[in-house]
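This is what each chain is made of:
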Amino acid sequence: MSNAMFGNFSNFGFVKADVPQEVLDAITAETDNPLDVSMASGLAGNIEHEYQLTKCVPVVDNYVSELCTEYQNQWDPQYTNHNLDRNKWKLQKLWANFQSKGEFNPPHTHNGHFSFVIFLKIPYLMQDECSVVNVRNSNMPRAGMFSFQYINVFGELREAPQPVDKTFEGTIFLFPSVLTHQVYPFYTSDEKRITISGNVFGESDEI
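These numbers were taken from a predicted model, which means no experiment stands behind them.

*Asks:* Please provide a residue-by-residue account of the overall build of the protein chain, values included.
*Replies:* A count of helical and extended segments in the protein chain gives three helices and 10 strands. Listing the helices and strands of the protein chain from first to last along the sequence gives β-α-β-α-β-β-β-α-β-β-β-β-β. Its C-alpha radius of gyration of 18 Å places the protein chain within 12% of the 17 Å reference for a compact globule of 207 residues. Counting only C-alpha atoms, the protein chain reaches 55 × 50 × 30 Å along its principal axes. Considering only residue pairs separated by 6 or more positions, the protein chain has 81% of its internal contacts joining residues 24 or more positions apart. With the model as given, the accessible surface of the protein chain reaches about 11400 Å², and the carbon-plus-sulfur share is 49%.

*Asks:* So what's going on with the sheet that holds strand E3 (residues 88-99)? Which residues, and what values?
*Replies:* Where strands meet in a sheet, backbone hydrogen bonds hold them as pairs that are either parallel or antiparallel. Pairing is antiparallel across the open sheet formed by six strands, whose spatial order is E1-E8-E5-E10-E3-E2. Edge positions in the open sheet fall to strand E1 (15-18) and strand E2 (49-52), since each of these has one partner strand only. Here the strands of the sheet are splayed against their neighbours by 20 degrees on average, with no regard to which way each runs. Two elements, strand E5 (residues 114-121) and strand E8 (residues 171-176), share six bridges in a ladder whose sense is antiparallel.

*Asks:* Summarise the packing of aromatic side chains; cite the residues concerned and give the values.
*Replies:* With the rule as written, the count across this model stands at 15 aromatic pairs. Judged by centre distance (4.5 Å) and plane angle (40 degrees), the rings of Tyr71 and Trp75 are tilted. The interplanar angle of 70 degrees and the centroid separation of 5.1 Å between the aromatic rings of Trp89 and Phe114 together place this pair among those described as edge-to-face. In this pair, Trp89 sits in strand E3 while Phe114 sits in strand E5, placing the two residues 25 residues apart along the sequence. By relative accessible area, Trp89 is classed as buried at 8%. Following the ring pairs from residue to residue traces out a cluster consisting of Phe14, Phe119, Phe146, Phe148, Phe168, Phe173 and Phe175.

*Asks:* Would you mind going over the packing of helix H1 (residues 21-31) against helix H2 (residues 57-74) in detail, with residue names and values included?
*Replies:* The interhelical angle for the contact between H1 and H2, taken along N-to-C directions, is 145 degrees, at an axis separation of 9 Å. Of the two elements, H1 crosses H2, and the hand of that crossing is left-handed. Here H1 contributes Glu22, Val23, Ala26 and Ile27 to the contact with H2, which in turn contributes Val59, Val60 and Tyr63. Looking at the contact of H1 with H2 residue by residue, the class counts come to six nonpolar, no polar and one charged.

*Asks:* Summarise the nonpolar core; cite the residues concerned and give the values.
*Replies:* Ranked by size, the top nonpolar core spans 30 residues in total, and within it Val60, Phe116, Ile172 and Leu174 carry the most contacts. If you list the elements that add at least two residues to this core, you get E1, H1, H2, E3, E5, E8 and strand E10 (193-203). Here this core takes six residues from H2, the largest share from any one element. Counting 16 residues, the second largest nonpolar core, distinct from the first, contains Tyr124, Phe175, Val183 and Phe186.

*Asks:* I'd like a description of a nonpolar patch on the surface, backed by residues and values.
*Replies:* Together, Phe9, Val153 and Phe154 make up a nonpolar patch on the protein surface, roughly 430 Å² of accessible area in all. Locating Phe9 in the fold gives a position in the segment before E1.

*Asks:* Kindly report on the environment of Ala40, identifying the contributing residues and their values.
*Replies:* The topology assignment puts Ala40 in the loop between H1 and E2. Between the C-alpha atom of Ala40 and that of Gln52, which follows or precedes it by 12 residues, the distance is 9.5 Å. If near-sequence neighbours (up to four positions away) are discounted, Ala40 is found in contact with Ile47, Glu48 and Glu50.

*Asks:* Talk me through the pattern of salt bridges; I want residue IDs and the actual numbers.
*Replies:* Per the counting criterion, the structure on display carries five salt bridges. Between Arg158 and Glu156 there is a salt bridge whose closest N-O contact spans 3.1 Å. The partly exposed category is assigned to Arg158, whose relative accessible area is 37%.

Cut-off values and rules
Residues numbered from 1 in each chain as written. Predicted model: local features only at pLDDT ≥ 70, side-chain atom pairs only at ≥ 80, totals over all residues. Heavy atoms only, no water. Helix = DSSP H or I, 4+ residues; strand = E, 2+ residues; numbered from the N terminus. Rg over C-alpha atoms; globule rule 2.2 N^0.38 Å. Contact = heavy atoms within 4.5 Å. Areas by Shrake-Rupley, 256 points an atom, 1.4 Å probe, with all protein chains shown as cover. Pairing = 2+ DSSP bridges. Axes fitted to C-alpha atoms, helices over the stretch in contact; angles between N-to-C directions. Phe/Tyr/Trp six-rings, centres within 6.5 Å; stacked < 30°, edge-to-face > 60°. Buried < 20%, exposed > 50% of the residue type's maximum accessible area, 1.4 Å probe, protein only. Left-handed = near helix turned anticlockwise from the far one by under 90°. Nonpolar A, V, L, I, M, F, W, Y, C, P; charged D, E, K, R; others polar. Core = buried A, V, L, I, M, F, W, Y, C linked by side-chain atoms within 4.5 Å. Patch = residues over 30% accessible without salt bridge, like charges linked within 9 Å, V, L, I, M, F, W, Y side chains within 5 Å. Salt bridge = Lys/Arg side-chain N within 4 Å of Asp/Glu carboxyl O.

In structure tokens:
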């Protein structure tokens, strides 16, 4: 029998969690009547309706700051120059995306140390999206999905698609802001897909 040992290179991932109901309630109360402050011109999304959120920021800030700390505890920040070794976290920008059929977010990154997306409302099921005529025969079905892109140790571009649909409502993904991600268009609903995005910046005790 071989006495070979196998090792993994240190790398980083993402946090996926169920958002507490009180946080979802605060977000929903504001997205029902959002400020008419468009964020579209400063964002990558090919999405017409993207609006700034302000009232629910304190509640969301407290929650995502805890997730940032959990991320620190999971992955050793010394293995990156992204400077994730911080003592405090502060949410500095929060907005809502009201995505319509055919709209999408191209591959992009964010400012800050961490970014996140909360899936508030998703008006479709993945099995229906993958059954539409332009998707069903593909060997890479992606309709309606949220996806991460990264480079592996061979220098190859790889994708980690997340099949987000109605069953993901109330779910958050939090990840390093420099991690490339994108949102594919959906086709089977005329309702809005509502997500919440934000950027979190780290602070040190001496700042």
